[in-house]
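Listed below are the residues making up each chain.
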Amino acid sequence: MATPHTHDQHASHGHGHGGYDPHGSYLAAKGGMLTTIRDWATTIDHKKIGVMYLVAILFMFFLGGMFALAIRAEMAVPTTLQNGVIHGQLFQSGDDIAKGNNIYNRVFSLHGIIMVFLVIVPSVPASLGNFFLPLLIGAKDVAFPRLNLASWYIYLTGSVFAVIALVMGGVDTGWTFYVPYSTMTEEGHLKVVWMILAAFILGFSSIFTGLNFVVTVHKLRAPGMGWFDMPLFVWGIYATSIIQVLATPVIGITLLLLIFERLFNIGVFDPRMGGDPVLFQHFFWFYSHPVVYVMILPGMAIISEIIAVHSRKQIFGYRAVAFSSLAIAGIAFIVWGHHLFTSQGEVASVIFSALTFLVAIPTAVKVFNWITTLFRGSIALTTPMLYALGFLFTFSIGGLTGLFLGALSTDLHLHDTYFIVAHFHYVMMGGTIIAFIGGIHHWWPKMFGKMYNELGGKIGFWLVFVGFNLTFFPQFILGTQGMPRRYASYDIVNNPGFTFIHQLSTAGSGILALGMFVHLFVFLHSLVMGRKAAANPWGGLTFEWTHASSPPIEHNFEHEPVCTHGPYDYDDIVPANTKPGEFVLPTPSPAGARHH
Amino acid sequence: MATIDTHQHGAPSTGPSTGFDSRPYHERYKAASHFRDREHEFDAVKMGVWLFLSTEVLLFSGMFVAYAVLRFLHPEAFVNGSHYLDRIPGLANTIVLLLSSYTIASAVRNAQLGQFGKLKLNLLITNLCAIAFLLIKFIFEYGPKIAQGKLPGKLFHYPGAHDPSEPLWWGIYWAATGIHATHVIGGIIMISWLLVRANKRHFGPTHYTAIEGVALYWHIVDIVWIFLFPLLYLIH
Ligand code: HEM
Ligand SMILES: [Cu+2]
């Protein structure tokens with residue numbers, strides 16, 4: 001390796017206009033429309049792949065969201081039968097209640113499958129992770145750029161399979177594909193196989209992304225960057241990737257066996273043949289519990305970045321936060337049985353219950369460290385920060401209600417009720433999605449070189465936050481009162497009180513959707529007429545802010561960065577009481593200085 | 001923060017950048033631009049391959065767990081089942097695979113030592129072994145089993161079954177050996193690709209990453225079989 005040659009200041013490279021310029025923005029078109037399309041379709045630039053994932057995931061989020069609104073519309077009014085005529089919402093018409101129920105089963109299954117496999121699992125790692133992981137560690141790309149592109153196409157293929165299953169009439173298995181729903185309903189029809197294949201294929205995409213990131217973090221850190229100089233986002237994505245690599249193969253074999261079971265009835269999960277349906281549940285949750293941490297760890301990782309940067313404070317307990325990610329990743333593998341409290345043996349349940357409580361420890365460590373970080377920070381209430389604060393609120397509710405479910409005696413009552421629905425929406429939507437939207441705002445100026453409208457972002461936040469809580473908090477109450485999940489209606493005679501609570505929830509879902517559209521509008525507005533973003537609008541100290549322009553050039557950095565201080569050493573570097581964006585970093589000026 | 005000038009990174013060993021470079025590919029080969037040098041790239045690829053192989057091991061572990069649970073539930077069906085399997089082709093296949101593991105390991109060594117002829121020969125033998133494995137499997141095992149109706153699950157129609165759970169045993173047998181055979185086919189494709197590249201002199205002492213990766217994969221395929229063979233054919 002050549003001798004490191006350090007500059008204090010480097011001249012900005014002048015460059016001409018028109019034609020391809022390796023020092024220009026990665027977004028710059030390289031030619032006409034066709035060339036541009038071909039360029040994106042064959043790109044191995046992690047930034048472009050990240051952006052393509054972002055668009056695809058947001059589209060899928062929209063699709064899944066439409067199904068969610070349909071679910072809430074159906075639940076707004078109970079189905080009743082008066083003088084032989086059905087009175088109900090949306091799916092209930094004519095005189096056949098079973099038909100409406102059947103549609104409802106499909107709608108919630110599709111909602112769950114799309115949201116889990118096509119949105120939340122890939123969400124943060126594949127989009128923001130792809131874009132920022134290399135930038136944050138000062139690398140030019142991920143370790144295997146072509147594998148990265150391949151995993152994007154595998155994701156697309158999986159999505160196409162899911163859409164084919166949807167067009168064939170959709171599946172009614174629930175997102176968990178439990179046998180016998182997934183093996184016996186509508187026998188002879190192939191759409192369930194298409195859907196399971198979709199999940200199987202998406203698994204490969206997930207494995208390849210995870211594998212790529214693990215190697216990237218190990219091998220491509222900038223000179224001078226030790227493990228404990230890595231930004232916490234990198235730690236979170238790293239822990240996530242390890243789970244993806246280690247857990248996904250198990251769902252792979254499970255889904256393969258399930259396909260064989262469906263096609264040839266090989267009997268592994270079929271008691272008539274001597275097989276064991278509970279074995280499927282064990283297999284499924286051995287993957288799917290760790291995967292809930294694949295969903296949440298990247299969210300937590302974003303929150304660490306936002307809180308440190310927007311309150312300009314050194315993260316309190318950096319190592320504790322980093323290690324708690326690894327601890328969560330480890331514990332994630334030994335608690336799957338808490339999803340089987342009602343189907344496995346009693347001794348197993350007791351053990352799994354005890355183990356489940358362990359998860360709460362590293363989780364709480366993180367929450368307390370974030371709050372302590374905020375203490376006496378110079379908090380800027382930007383949209384990303386609002387989202388981080390919102391996350392602390394909603395995620396805490398989600399995590400704490402998890403403890404109710406981890407306790408055997410309470411879970412026997414709450415299992416399979418709306419309490420479960422509320423719990424996992426508080427962690428997945430209130431955790432991952434809230435962090436994801438916050439992260440998109442935080443990094444938006446870097447990704448597209450434009451500022452978004454702060455007022456618009458804040459309006460969006462409040463609508464999302466209020467709408468979310470209004471949608472899901474009432475569901476805790478419904479659950480404790482015995483409203484079962486996955487039912488298209490309920491017994492109105494014995495539970496007259498349910499209707500109002502359901503309607504609150506439905507109203508909330510409307511506000512939530514409105515908030516999402518406000519965000520969409522703010523993003524589009526920013527792309528078209530947003531202010532040009534400075535290289536470091538928030539005054540962050542990590543490489544993507546200090547060494548890359550907004551948007552970054554194709555090879556990320558004009559000069560390979562060297563790590564000389566910790567990611568959050570604000571106390572040493574930033575004078576007190578400086579407004580974000582106002583302070584100029586000491587040396588050197590950011591690589592994108594030429595933009596303003 | 002300081003910076004290192006990227007433009008200084010062209011490793012001296014990569015030779016003149018202008019004019020026709022007449023050296024063979026494996027000497028001309030430069031690492032992708034985000035790696036420092038060939039060694040850095042080699043390390044990264046090797047780590048990636050190991051991670052991928054760990055996913056393969058986990059995939060098959062799932063299969064073995066299913067085997068263990070069902071064997072525990074229905075020991076007689078599994079004992080009967082293993083009596084129906086023919087050990088001779090099973091053993092032949094074990095030997096064939098072990099031999100192929102040896103030849104592909106030798107191929108890596110040949111590349112490191114620049115023995116181009118032997119490299120191609122060893123890759124060729126490996127591929128022939130892989131094909132032989134499949135031929136033995138299909139001609140002496142799958143073929144007769146299909147003819148007798150010893151098929152998985154609902155396709156099972158062998159009249160001489162002793163235990164009602166035998167279709168289940170055949171389910172496990174077909175799933176496990178089928179998934180393994182698919183991996184063998186994947187191996188054949190990759191080794192053929194290596195052969196084409198070896199023919200073009202792509203590999204040599206300075207560049208043999210792909211051979212090393214495929215060899216590791218092939219060892220895993222071999223090891224899985226080493227487990228499947230006793231579990232399915234030998235234990236009663
Ligand atoms: C302190 C942490 C947590 C604890 C103790 C916990 C505990 C539990 C328990 C015991 C159940 C099973 C309840 C039942 O079915 O009877 C459950 C369900 C669930 N949890 Fe959590 N959880 C925690 C965090 C999370 C996180 C972070 C996520 C995802 C981001 C998550 C997602 C889910 C999902 C999706 C289900 C329901 C799956 C289904 O049946 O469809 N949980 N949780
Ligand atoms: Cu769980």
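Structure shown above.
Anyway, here's the lowdown on the structure attached to this text. As the structure is a prediction and not an experimental result, all values here were calculated from the model.

1. Let's talk about the overall build of chain B
Piece 1. Within chain B, the secondary structure is distributed over 7 helices and 1 strand.
Piece 2. Its C-alpha radius of gyration of 23 Å places chain B more than 25% over the 18 Å reference for a compact globule of 236 residues.
Piece 3. Counting across all 236 residues of chain B, residues that qualify as buried make up 53%.
Piece 4. Relative to all contacts within chain B whose residues are 6 or more apart in sequence, the contacts with residues 24 or more apart total 77%.
Piece 5. A total accessible area of about 10600 Å² is found for chain B, and carbon and sulfur atoms account for 68% of it.
Piece 6. Positive and negative charge centroids in chain B, built from 18 and 15 side chains respectively, lie 7 Å apart.

2. Details of the nonpolar core
Piece 1. One finds L128(A), F177(A), F233(A), F391(A) and M447(A) to be the most contacted residues of the largest nonpolar core, which totals 254 residues.
Piece 2. The biggest single contributor to this core is helix α9 (residues 277-310) of chain A, with 20 residues.

3. Concerning the coordination of the iron atom of ligand 1
Residues and elements named next belong to chain A.
Piece 1. In this structure, the iron atom of ligand 1 receives exactly one donor atom from the protein: H423 (NE2), at 2.2 Å.
Piece 2. The metal-metal distance between the iron atom of ligand 1 and the copper ion (ligand 2) comes to 4.6 Å.
Piece 3. Mapping H423 onto the fold places it in helix α14 (residues 418-448).

4. Let's talk about the site of ligand 1
Residues and elements named next belong to chain A.
Piece 1. Taken together, 21 residues form the shell around ligand 1, and within it W175, D411, H415, H423 and R485 come nearest.
Piece 2. Here H415 contributes a side-chain N or O atom positioned 2.6 Å from an oxygen atom of ligand 1.
Piece 3. Contact distances for ligand 1 include 2.7 Å between an oxygen atom and a side-chain N or O atom of R485.
Piece 4. When contributions to the shell around ligand 1 are tallied by element, the ones reaching two or more residues are α9, α12 (383-406) and α14.

5. Thoughts on the coordination of the copper ion (ligand 2)
Put simply, the ideal angle at a metal is 109.5 degrees for four donors in tetrahedral geometry and 90 or 180 degrees for six donors in octahedral geometry.
Residues and elements named next belong to chain A.
Piece 1. Here the copper ion (ligand 2) is held by the protein donor atoms H289 (ND1), H338 (NE2) and H339 (NE2), which lie 1.9 to 2.0 Å from it.
Piece 2. Written as a sequence motif, the donor residues of the copper ion (ligand 2) are H-x48-H-H.
Piece 3. Residue class for H339 comes out partly exposed when judged on its relative accessible area of 23%.

6. Observations regarding the packing of aromatic side chains
Residue and element names in this part refer to chain B.
Piece 1. For the structure on display, the rule yields 68 aromatic pairs over all chains.
Piece 2. Ring geometry for W170 against Y173: centres 5.4 Å apart, planes inclined by 80°, an arrangement best described as edge-to-face. Highlighted residues: W170 and Y173, both in helix α6 (residues 166-199), separated by 3 residues, approximately one helical turn.
Piece 3. With relative accessibility at 0%, the residue W170 sits in the buried group.
Piece 4. Cluster of aromatic residues (ring-pair linked, three or more members): Y67, F78, Y84, F138, Y142, Y158, W169, W170, Y173 and W174.

Parameters and conventions
- Each chain carries its own residue numbering, running from 1 in the direction its sequence is written.
- Here every chain gets a letter starting at A, and every ligand a number starting at 1, in the order they are written.
- Local features in this predicted model are restricted to residues whose pLDDT is 70 or higher, and side-chain atom pairs enter the listing and the counts only when it is 80 or higher, whereas totals over whole chains, interfaces and linings include all residues.
- Hydrogens and waters are ignored; side-chain quantities use all the structure's heavy atoms.
- Numbering goes from the N terminus for both helices and strands, where a helix is a DSSP run of H or I of at least four residues and a strand is a run of E of at least two.
- When we talk radius of gyration, it's over C-alpha atoms, and the globule rule is simply 2.2 Å times the number of residues to the 0.38.
- Burial classification: accessible surface area is computed with a 1.4 Å probe over protein chains only, and a residue below 20% of its type maximum counts as buried, one above 50% as exposed, and the rest as partly exposed.
- The contact criterion used is simple: two residues touch if any of their non-hydrogen atoms lie within 4.5 Å.
- Accessible surface area values rest on a Shrake-Rupley calculation with a 1.4 Å probe, where residue burial reflects the displayed protein chains alone.
- Charged residues are defined narrowly, with Lys and Arg counted positive, Asp and Glu counted negative, and His plus the chain ends left uncounted.
- The atoms used to mark charge sites are NZ of Lys, CZ of Arg, CG of Asp and CD of Glu.
- Residues belong to a common nonpolar core when they are buried Ala, Val, Leu, Ile, Met, Phe, Trp, Tyr or Cys residues joined through side-chain atoms within 4.5 Å.
- Metal sites are built from N, O and S donor atoms within 2.8 Å, or 3.2 Å for Na, K and Ca, and they leave out water, so they may look incomplete.
- Put simply, a residue is near a molecule or strand once any heavy atom of it comes within 4 Å of that molecule or strand.
- Think of a polar contact as two N or O atoms within 3.5 Å of one another; within protein, one of them needs to be a possible hydrogen donor and the other a possible acceptor, and neighboring residues in sequence only count if both atoms come from side chains.
- When the centres of two rings from Phe, Tyr and Trp lie within 6.5 Å, Trp using its six-membered ring, the rings pair. Their planes under 30 degrees apart give stacked, over 60 give edge-to-face, and anything left gives tilted.

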